[in-house]
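Observations on the model geometry
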Amino acid sequence: GIGKCVALELARRNARTILACRNQERGQAAVEEIRAATGNPAVLLRLLDTSSLASVRAFARAVLREEKRLDVLVNNAGLTGLPFAITPEGLERTFTTNYLGPFLLTNLLLG
């Protein structure tokens, strides 16, 4: 999708690129594909589920701890058409995934 295309282009430009994915297997496959296509070994996978504010907080803590700087953040997570559901944190899933999670992530990474 769009996120993978953006990551591919950033990696082509020799950027250290972190793919934040919900699924370990699919994310690792994307990392390997991008590394092979670009020759850039600095393409990394970190797990993130923007429907979980705990996951967002853990991801942000790890990025702030592990990375010297962050130049670009692309919030690309989103879903639609799923049945109404409440997250374990008591929030509506679609709203949390598409808005609250990315908003929290951006604010936590601003420092």
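My aim in this report is to walk through the structure given alongside it, one point at a time. (Residues numbered from 1 in each chain as written. Predicted model: local features only at pLDDT ≥ 70, side-chain atom pairs only at ≥ 80, totals over all residues. Heavy atoms only, no water.)

Describing the overall build of the protein
To keep things clear, this is the line we draw: Runs of E in the DSSP output that reach at least two residues are strands. Runs of H or I that reach at least four are helices, and both are numbered from the N terminus. Note on method: radius of gyration uses C-alpha positions; expected globular size equals 2.2 Å times residues raised to 0.38. Think of it in three bands: with a 1.4 Å probe and only protein chains considered, a residue is buried below 20% of the maximum accessible area for its type, exposed above 50%, and partly exposed in between. Contacts are residue-level and defined by heavy atoms, with any inter-residue pair within 4.5 Å sufficient. Only the protein chains shown count as cover for residues, and the accessible areas themselves come from Shrake-Rupley with a 1.4 Å probe. When charges are tallied, Lys and Arg are placed among the positive residues and Asp and Glu among the negative ones, while His and the ends of the chain are skipped. By convention, the point assigned to a charge is CZ for Arg, NZ for Lys, CD for Glu and CG for Asp.
Of regular secondary structure, the protein possesses four helices and two strands. Reading the protein from its N end, one meets helices and strands in the order α-β-α-β-α-α. Its C-alpha radius of gyration of 14 Å places the protein within 12% of the 13 Å reference for a compact globule of 111 residues. On the principal axes, the C-alpha backbone points of the protein span a range of 45 × 30 × 20 Å. Buried residues in the protein amount to 30% of all 111 residues. Across the protein, the fraction of contacts at a sequence separation of at least 24, relative to all contacts at a separation of at least 6, is 62%. As displayed, the protein has an accessible area near 7300 Å², and 55% of this comes from carbon and sulfur atoms. Distance between charge centres in the protein, computed from 14 positive and 10 negative side chains, equals 4 Å.

What to know about the pairing of strand β1 (residues 17-21)
Here is the rule we go by: Paired strands are those between which DSSP finds at least two bridges.
The alternating pattern of β1 places Thr17, Leu19 and Cys21 on a buried face, while none of Ile18 and Ala20, on the opposite face, is buried. Direction of pairing for β1 relative to strand β2 (residues 43-47): parallel, over a ladder of five bridges. Across the sheet, the residue bridging to alanine 20 is arginine 46, located in β2.

As for helix α4 (residues 93-110)
Given 3.6 residues per helical turn, the α-helix brings residues three or four places apart onto the same face. Note the cut-off: Multiply 1.5 Å by the residue count of a helix minus one, and that product is the helix's expected span. Bending is quantified residue by residue as the angle between axes fitted to the seven-residue window ending at that residue and the seven-residue window starting at it.
Taking 1.5 Å as the rise per residue, α4 with 18 residues should run 26 Å; its terminal C-alpha atoms sit 24 Å apart, in good agreement. When the local axis directions of α4 are compared, the greatest deviation, roughly 35°, occurs at leucine 100, which is followed within four positions by the proline proline 102. Within α4, the full set of buried residues consists of Thr96, Thr97, Gly101, Pro102, Leu104, Leu105 and Leu109. At its buried positions, α4 is contacted by α3 (53-66).

A closer look at the state of the cysteines
Where we set the bar: In what follows, a disulfide is any cysteine sulfur pair within 2.5 Å.
Taken as a whole and assessed by the stated rule, the structure comprises zero disulfides. Not engaged in a disulfide, the cysteine cysteine 5 finds its nearest cysteine sulfur in cysteine 21; these two sulfurs lie 13 Å apart.

A few points about the packing of helix α1 (residues 2-12) against helix α2 (residues 24-38)
A pair of packed helices is captured by two measures, namely the crossing angle of their axes and the spacing between those axes. Spelled out, the test is: Angles run from 0 to 180 degrees between N-to-C directions of axes, and those axes are lines fitted to C-alpha atoms, restricted for helices to the stretch in contact. What makes a crossing left-handed is the near helix being turned counterclockwise from the far one by less than a right angle; a clockwise turn instead makes it right-handed.
As a packed pair, α1 and α2 sit with axes 9 Å apart at the nearest point and diverge in direction by 40°. Along this stretch, α1 crosses α2, giving a crossing that reads as right-handed. Only Ala30, Glu33, Ile34, Ala37 and Thr38 of α2 make contact with α1, whose side of the interface consists of Lys4, Ala7, Leu8, Ala11 and Arg12.

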